[in-house]
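Chain and residue survey
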Amino acid sequence: MSQQGYVATPPYSQAQPGIGGYPTGFGASPPQAHYGHYGAPPQPYTAQAAGVLKPAASSPSGMPPPPVSSQYGSPIQQNGAHSQKFPPPAVSAPAMPPYGQPLQRPAYHSMAQATPPTQQITNQMSAMSIGGYGQGPLQSAQSPTSSAAPQPYQMPSAPAMGHPPMSPTGHQPPSMSACPPMAAGPPMGATGAPPMGMPNSQPGLPPMGGGGFQQPGGPQGFPQQPGPYGGQMPGSQMAGPQAGAFAGGFPGGAAHMAGPPQKKLDPDSIPSTTQVIEDDQAKRGGQLYTTNLRGQVPPLVTTSFTVQDQGNASPRFMRCTTYSFPCSSDLAKQCQVPLATIIKPFATVPKNETPLYVVNHGEAGPIRCNRCKAYMCPFMLFIDGGRRYQCSFCNCVNEVPVQYFQHLDHMGRRVDLYERPELSLGSYEFTATLDYCKNNKPPNPPAYIFMIDVSYNNIKSGLVKLICEELKTLLDRLPKEEGAESSSIKVGFVTYNKILHFYNVKSALAQPQMMVVSDVAEMFVPLLDGFLVNFQESRAVINNLLDQIPDMFADTNESETVFAPVIQAGVEALKAAECSGKLFIFHSSLPTAEAPGKLKNRDDRKLVNTEKEKILFQPQRGVYEQLTKDCVAQGCCVDLFVFPNQYVDMATMGDIPTHTGGSVYKYSNFQVQIDGEHFLTDLRRDVEKSIGFDAIMRVRTSTGFRATDFFGAIYMNNTTDVEMAAVDCDNAVTVEFKHDDALNEEAGALIQCALLYTSISGQRRLRIHNLSLNCSSQLSELYKSCETDALINFFAKSAYHAILNQPVKTVREILVKQTAHMLACYRKHCASPSAASQLILPDAMKVFPVYMNSLMKTPVLVGSAELSTDERNFHRLSVMSTGVEESQVLLYPRLIPLHSMDVVNEAVPAAVRCSEERLSETGVFLLDNGQNLFLWLGQACPPDLIQSLFNVPSLAHLSPDMTSLPELDNAQSKKLRSIICAISQQRPHSMKMVIVKQKDKSEMLFRQHLVEDKGLHGGASYIDFLCYVHREIRQLLT
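Residues numbered from 1 in each chain as written. Predicted model: local features only at pLDDT ≥ 70, side-chain atom pairs only at ≥ 80, totals over all residues. Heavy atoms only, no water.

**Overview of the overall build of the chain**
Just so we agree on the cut-off: Only DSSP runs of H or I covering at least 4 residues are called helices, and only runs of E covering at least 2 are called strands; the numbering of each starts at the N terminus. Partly exposed describes any residue whose relative accessible area lies between the buried limit of under 20% and the exposed limit of over 50%, with all areas from a 1.4 Å probe on protein chains only and scaled to the type maximum. Residue-level accessible areas treat just the shown protein chains as cover; the underlying method is Shrake-Rupley with a 1.4 Å probe.
For the chain, the helix and strand inventory stands at 24 helices and 33 strands. Residue burial in the chain is summarised as follows: out of 1038 residues, 61% are buried. For the chain, the accessible surface area stands at approximately 38,200 Å², while carbon and sulfur atoms represent 52% of it.

Shown next, in the form of structure tokens:
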């Protein structure tokens, strides 16, 4: 079946081998072995020989490939199927052919020598052509019927507005053809059209390029003959940019703009992430999403919707890279779309959705398949009058236990189907029996231990006092079971510098007692009774202690610290109390004191962009490796709050938290007045969030495929058990699947995630999530049901994992190759035949390139010596456990215009594209990437707006250190604060607000998040990357 995807056509010339700012061309194909990480053996396409770079010709002009409405060939429930609305292109110039490359001679090379560089770019810019934008006369060619429901924008008002006439969903109009928004020429009817790309006397009307038309000279896709089609158009009206203007993004070109700024095509004409998000919200927002269909594509993570569980897990718990798996491993290798699911087992369920039911089968425990041990779920098939059931995962037939027997109705379903959550819902919990507990004993409730670094830095900054004051009120809000009066979590306190101080806070004491352990090489806990206590019972003693700690160490001069012995002490304390728990460590500097786990400064930026760069990301082994094992075995999760003023070896210090289900929080150059509130908000959320301890997760699948790779804040002792000392509502594990046999289209693909954990009240439970996917032997089905946000989460984590063993440059090359390969396979096997010069993207993946380009510009992959090694490691560690929502907004931040906000409307204003071109001198913009909030103020921002937001007369009076908005009694101020509040509630971490004035030095920090532009530290703009990927695709297809 041929299906037209998203079509966009720059007449890409041979781009130069490198891409904007990435060291050396990432055009050279990597050695085959490198594909192994993403699971693809040598490809059917012959890639260019390694190391052979193309001769440099003109770099691709910044040609934006325009969007095509999703009406063509995508079913209504498709995720990310959007009709686009764009302003009409404003420039008219004579046409150039979309097919301008005769394949018999080196494409464009001879022209490149002959044509001056300015002219080449002019030619390219005027030659842009877009497939899928049809003209009025073509209406009649559309298919009158449609199998799917009509989509929202059914009939836009005419091609004059720059909209294509829409065809009903699911049908490709046979003669839809490409029309360049920049070019001039007559509309092409069915007959009498001049040859493509010939100059024409009628300016103003776009000519057609090859969508569904047969070329006069032979069937489409055949090489064009040399002649007028390849040549330069006479009389191009557009002033070309100066030579080298585009070259900055590509090695070999001038690094900076030369001459006056070039005229660009309307960037609105390339696929827009904000448009995709808006369209999905318009189409599916506010609706009820029921999970009763197999392989159903859910709304985007950015869309607000309500889930009703009817047999498959909610997308809040599980999202997939595609909801239709290929039937065979050959098909999977052919398309190279990774098959993965992102599981957030403890995801927060909104108040308007039903919380998970807890099923208690008493002494007998949960019903499981005898062979594969899958748990009872809606996919099991009851037979023999209800006396036996067939497991859908391994097909084994099992006896139904006597106490579980129930008759079947006339449909073969159990009569009690809707009374049992495990038979009718996708997600539920079982109460576990003693067989599921350590040593067959019920677990004790968990404990939280607060471990505070009281060295000189932390005392002087006021941090210790801040923490102690906060804990007095925070401990009242420890997490508790639904309906419980108080939390059953115990608490304990340790302070440390070179030595450790433990505190006895037993409720019977009048004063807390301190015990010192100075032998940090042989760590032990000097007291058992009175170290871990119930806060409610010992409140007076604990508050007394928290008052005393800042004074006790007020005159300290000790600046050296230990780190590994602190974690060791926490593990020993939990071991002695026979419980699991969490350590909250507040630490400031590189642990240089003589002790196990002493670290030295190994920050060597000369390694950046070399084969040895991976060393910068690898943690130091030894003590820390053993500590990780001990933590996981005891169910001891580590959360690290680090307050560095210089290098602290984030790779090593953050390694234990990220293998124990913990989090790392980093506050560089901490100042209480500026960063205090930001830190306290993080601490509050961290202490209060819902969490499970001592967890072990297993992902089972139906026959034909299996889970092979796992990414997240996890520990793997073997190939199947995912161990997590703790798992909370923000932890997501990304699981990759591979075929080990053929899949059956009828049976589909089934996934069951089972998580065994200890609840905060000390109860052992099993949390089960089930998901059923489609299987298809048609690649078009796979591409149709892809989810871009889940794909990019997978690629981010697998790439961040790969850089521990491979040079960063190699990993970037793999990412680009795989992007090109996925899109080339779609083009070859699923799209309608069309000119090679057209870039055709699957509708559900049309914004994938902007995310991929953004991923390659992240601090981890960009390869710049200007970025601190700690910052790069922190970014890497924080992404490894993120869910789809967090990776989406990190890689494509929301840029919200505030100067035009409607103060009466409750909603957050619509975001604009993440590019400098969207900013205006008179505007105010808010940028949210899930980690920071930037409030950007244009130079010519109206003084009355500044007055109403900040209570100062003009921009010049505004303090750059401001991190929160004053509470003013006017509509603008209230509206902005409500917007910030709404955004903050959606994010797992507190976001520091940074005020950025246009042309200030702080603007550099803000600009690196404008992901559609060239990267500050290297990296291509979205347009250049699209050109580059298109060239790679064409190379794969020839």
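Back to the write-up after that little detour.
**Description of the pattern of salt bridges**
Our working rule: We define a salt bridge as a contact between a side-chain nitrogen of Lys or Arg and a carboxyl oxygen of Asp or Glu at a distance within 4 Å.
Tallied over the full model, the rule gives 47 salt bridges. R684 is paired through a salt bridge with E470; the nearest N and O atoms lie 2.9 Å apart. Of this pair, R684 sits in helix α13 (residues 672-688) while E470 sits in helix α7 (residues 463-474); the two residues are 214 residues apart in sequence, bridging distant segments of the chain. The closest approach of N and O atoms between R602 and D649, which form a salt bridge, is 3.0 Å. Residue R602 is found in the loop between β19 (581-587) and α10 (623-634), and its partner D649 is found in the loop between β20 (636-642) and α11 (650-653); the two are separated by 47 residues along the sequence.

**Let's talk about the packing of aromatic side chains**
Note the threshold: Ring pairs are drawn from Phe, Tyr and Trp, using the six-membered ring of Trp, whenever the two centres fall within 6.5 Å, and their geometry is named by plane angle: stacked under 30 degrees, edge-to-face over 60, tilted for the rest. As a reminder, the over-ring test applies to NZ of lysine and CZ of arginine, requiring each to be within 6 Å of the ring centre and within 35 degrees of the ring normal.
This model, assessed by the stated rule, comprises 33 aromatic pairs. For the ring pair F346 and Y757, a centre distance of 4.9 Å and an interplane angle of 80° mean the geometry is edge-to-face. Note that F346 is positioned in the loop between β8 (340-343) and β9 (358-359) and Y757 in strand β27 (residues 749-758), a separation of 411 residues in sequence. In this pair, the class of F346 matches that of Y757, namely buried. Ring geometry for W936 and F1006: centres 6.3 Å apart, planes at 20°, overall stacked. Highlighted residues: W936 in strand β32 (residues 932-937) and F1006 in helix α23 (residues 1003-1007), separated in sequence by 70 residues. Since its relative accessible area comes to 1%, W936 is described here as buried. Accessibility expressed as a relative area gives 0% for F1006, which makes it buried. Clustering of aromatic rings is evident, with ring pairs tying together F586, F641, F643, Y665, Y667, F670 and F679. Over the face of the ring belonging to F305 we find R316, whose NZ or CZ atom lies 5.0 Å from the ring centre. Positioned above the aromatic ring of Y404, the side-chain terminus of R414 is 4.4 Å from the ring centre.

**Observations concerning the pairing of β32**
Quick reminder of the rule: Any two strands between which DSSP finds at least two bridges are classified as paired.
Of all the six residues making up β32, five are buried; the element is thus mostly covered by neighbouring parts of the structure. Pairing of strand β31 (residues 924-928) with β32 involves five bridges; the strand directions are antiparallel. Residue pairing across strands places V924 opposite L937, the latter belonging to β32. Inspection of the sheet shows β32 paired to strand β33 (residues 992-997) by six bridges, in the parallel sense. The partner of N932 across the bridge, within β33, is K992.

**Describing the sheet that holds strand β11 (residues 388-390)**
Under the convention used in this document: In this analysis, axes come from line fits to C-alpha atoms, helices being fitted only over the stretch in contact, and the angle between any two N-to-C directions falls in the range 0 to 180 degrees.
Strand order in the open sheet formed by three strands is β10-β11-β12, with antiparallel pairing between adjacent strands. Looking at which strands have only one partner, the edges of the open sheet turn out to be β10 (381-383) and β12 (397-399). Averaged over all pairs of adjacent strands, the angle between strand axes in this sheet comes to 30°, irrespective of strand direction.

**Quick notes on the packing of α7 against α13**
We count it as follows: Here a crossing is called left-handed whenever its near helix is offset anticlockwise from the far helix by less than a right angle, and right-handed whenever the offset is clockwise. Every residue pair with non-hydrogen atoms within 4.5 Å of one another is taken to be in contact. Note on residue classes: Ala, Val, Leu, Ile, Met, Phe, Trp, Tyr, Cys and Pro are nonpolar, Asp, Glu, Lys and Arg are charged, and everything else, Gly too, is polar.
The interhelical angle for the contact between α7 and α13, taken along N-to-C directions, is 40°, at an axis separation of 11 Å. Where α7 crosses over α13, the handedness of that crossing is right-handed. Contacts from L463, L466, I467, E470 and L474 of α7 reach α13 at V672, G676, F679, L680, L683, R684, V687 and E688. Residues that form the contact of α7 with α13 fall into these classes: nine nonpolar, one polar and three charged.

**Notes on the pairing of β31**
Within β31, five of the five residues are buried, which leaves it mostly tucked inside the rest of the structure. The side-chain alternation of β31 yields two buried faces, one formed by V924, L926 and D928 and the other by F925 and L927. Taken together, the four bridges between strand β30 (residues 894-897) and β31 define a ladder with antiparallel strand orientation. Residue pairing for β31: R894 is matched across the bridge by D928. Hairpin connection between β31 and β32: a loop of three residues separates the two successive antiparallel strands, and G930 in this loop has a positive phi of roughly 85°.

**What about the nonpolar core?**
As a rule of thumb, nonpolar side chains are buried together in soluble globular proteins. Convention followed: Definition used in this section: a nonpolar core is a set of buried Ala, Val, Leu, Ile, Met, Phe, Trp, Tyr and Cys residues joined via side-chain atoms within 4.5 Å.
Ranked by size, the top nonpolar core spans 112 residues in total, and within it Y783, L855 and L861 carry the most contacts. Ranked by residue count, the leading element in this core is helix α16 (residues 808-829), at 10 residues. Among all residues touching L861, those that are not within four sequence positions of it are A799, Y800, I803, V808, V811, R812, L815, L855 and M856.

**Thoughts on unusual backbone geometry**
Even without a glycine there, the phi angle at N440 is positive, about 55°. Within the secondary structure, N440 sits in the loop between β13 (427-431) and β14 (447-453). The class of N440 is partly exposed, set by a relative accessible area of 47%. With a phi close to 50°, D694 is a non-glycine residue in the positive phi region. Note that D694 resides in strand β22 (residues 691-701). Overall, the relative accessible area of 15% leaves D694 in the buried class.

**Digging into the sheet that holds β8**
Strand order in the open sheet made by the four strands is β6-β8-β26-β23, with antiparallel pairing throughout. Here the strands that pair on one side only, and so sit at the sheet edges, are β6 (318-320) and β23 (705-711). Between one strand and the next, the sheet's axes are offset by a mean angle of 25°, whatever the strand orientation. Strand direction decides the pairing type here: β23 and strand β26 (residues 733-739), joined by six bridges, are antiparallel. Its bridge partner lying in β26, F710 is registered against V735.

**A few points about the environment of I814**
On the secondary structure map, I814 appears in helix α16. Measuring from C-alpha to C-alpha, the distance between I814 and A799 comes to 8.9 Å, with 15 residues separating the pair along the chain.

**Points about the confidence of the model for the chain**
Detailed reading of the predicted coordinates is not advisable wherever pLDDT is low. Stated precisely, the cut-off is as follows: Confidence of the prediction at every residue is given by pLDDT, a number between 0 and 100.
When pLDDT is averaged along the chain, the result is 80, and 74% of the positions lie at 70 or above. Counting interchain partners and residues more than four positions distant, the pLDDT-below-50 stretch residues 9-263 has 618 contacts.

**Re helix α15 (residues 788-802)**
What counts is decided by this rule: What a helix is expected to span follows from its residue count: subtract one and scale by 1.5 Å.
Along its 15 residues, α15 runs 21 Å from first to last C-alpha, staying within 8% of the 21 Å computed at 1.5 Å per residue. Extensive coverage of α15 is indicated by the burial of 14 of its 15 residues.

**A few points about the state of the cysteines**
Definition in use: Cysteine sulfurs are considered disulfide-paired once they come within 2.5 Å of each other.
Inspection of every chain in the model, using the stated rule, returns zero disulfides. Its sulfur unpaired, C396 is 4.5 Å from the next cysteine sulfur, which belongs to C369. The cysteine C786 is free of any disulfide, with C335 supplying the nearest cysteine sulfur at 7.8 Å. Residue C786 is classed as buried on the basis of its relative accessible area of 0%.

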